[in-house]
Amino acid sequence: MLVKIKNLIIYLLGIFIVLNIFLAIVWPIITDFRIKSKTFYSDEILKLIGISSIDQTDFYKEMWINRKYEHIQFVGQYEKTENDQKYLNIDIKNGRKIKNNKLCEKNFIFYGASHTFGYNVKDDQTIASQFKTILDKKFKNYCVYNFGSGSFFSTQETIFFMTHLLKDKIKKKDFIFFLDGLTEAGNKKTKVNIIVDSSYEYSNLKYWEKYYYSIPLLWESLPITQLYNRYLQKNRSDNLNIKDKKEFNKKEILDVFQKNILIRKAICLELEISCYTFLQPFPTMSGIYDSNKIENSEYAVQREKYKSFKEINHLIDLSKTLEGMKELSYVDDWHYSPKASNLIAKKIYSIISKDL
């Protein structure tokens, strides 16, 4: 009997190992096939971005599949360096690609979240890149940098700005632009903080307790576990009631946001740098949007947040910048179209041009 049980255990273990190996080999092949056969953008969006239906797969891969994150000390996560792609190029030293001059008499640096980075648009269609095009009409030796990143909020941006100061990337008389609002959530943890917190648990374990950390990590890494978790995640998403209203801590969000603006203002005043914090245009409140895609409970919360930001001092409101647009202002449910980015860039230039 014991031999039969032993053989059964070995047999099941063998099947389990073979199944995980099989999934590890087949999963990326199936995923790649599904991506190639799928339509990611409507004809209207493709026209706004300026890519063909044939090229949309490569565009999507660069924007969502190939785009990874790396760690920056003190700041958190940042898009991983990619320098040889067709649509999206970035490096840690210069941010997302902008055609700059070799001689930089003055720098204009943008900080913000994915809207500033420019998700779902090409390198030359971001707000910062189009701002550079506007500058070039009068100032050939001015350089522009785009250090927006996915999920960034005012605290991360302020720290990122400070690290650039410490590394002498920012000089006296430079211009700093923060585009904020949509991602503000008070004292929320960054993606890196969550990972680091978990890692520190391992360092606190005794030598003979290390398996408490390693075994669950190994289990989570198995293809069959990941497949099951993806199924559960999809099932939860399908059953999510979008009418359920999420709450937000208004006092904390306003307090953190205001303090970050005041910190920036104090530093810039002392170091003779021109700094501006802009309240970015909000989906469902500014510009033309597809209500079928983005009219849900999350945006009800965003509208409440936006109204509360009227209480913030030293914040320049760009919410009316997209008024008068005749085409979609957003390429998805969240991010600006090339035309909307151009209007935002023009508005920023008109605000700061007197100080150049």
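Residues numbered from 1 in each chain as written. Predicted model: local features only at pLDDT ≥ 70, side-chain atom pairs only at ≥ 80, totals over all residues. Heavy atoms only, no water.

### What to know about the side chain of K106
Mapped onto the fold, K106 is located in strand β5 (residues 106-112). Within the buried core, K106 has no salt-bridge partner, and the shortest N-O distance to an opposite charge, that of D174, equals 7.0 Å. Setting aside its immediate chain neighbours within four residues, K106 contacts N141, Y142, C143, K173, D174 and F175. (Helix = DSSP H or I, 4+ residues; strand = E, 2+ residues; numbered from the N terminus. Buried < 20%, exposed > 50% of the residue type's maximum accessible area, 1.4 Å probe, protein only. Lys, Arg positive; Asp, Glu negative; His and termini not counted. Salt bridge = Lys/Arg side-chain N within 4 Å of Asp/Glu carboxyl O. Contact = heavy atoms within 4.5 Å.)

### Considerations on helix α3 (residues 56-65)
Here α3 has its buried residues at Q56, T57, F59, K61, E62 and M63. On its buried face, α3 sits against α1 (2-36), α2 (43-49) and β4 (95-96).

### Comments concerning the confidence of the model for the protein
Detail in the predicted coordinates should be disregarded across regions flagged by low pLDDT. With 94% of its residues at a pLDDT of 70 or more, the protein has an overall mean of 88. For residues 240-245, every residue scores under 50 in pLDDT, and the model assigns this stretch 7 contacts once sequence neighbours within four places are set aside. (pLDDT = per-residue confidence, 0-100.)

### Here we look at the packing of aromatic side chains
The full count for this structure, using the stated rule, is 35 aromatic pairs. Here F40 and Y60 contribute two aromatic rings whose centre-to-centre distance is 3.7 Å and whose plane-to-plane angle is 10°, an arrangement assigned as stacked. With F40 in the loop between α1 and α2 and Y60 in helix α3, this residue pair connects regions lying 20 residues apart in the sequence. The exposure class assigned to F40 is partly exposed, which follows from its relative accessible area of 21%. According to the relative accessible area criterion, Y60 is partly exposed, its value standing at 22%. With 5.3 Å between their ring centres and 75° between their planes, F59 and Y87 make a pair best called edge-to-face. A residue pair is termed long-range when its members are at least 10 positions apart, and F59 in helix α3 and Y87 in the loop between β2 (76-79) and β3 (90-91) qualify at 28 residues. Judged on exposure class, the residue F59 and its partner Y87 are both buried. (Phe/Tyr/Trp six-rings, centres within 6.5 Å; stacked < 30°, edge-to-face > 60°.)

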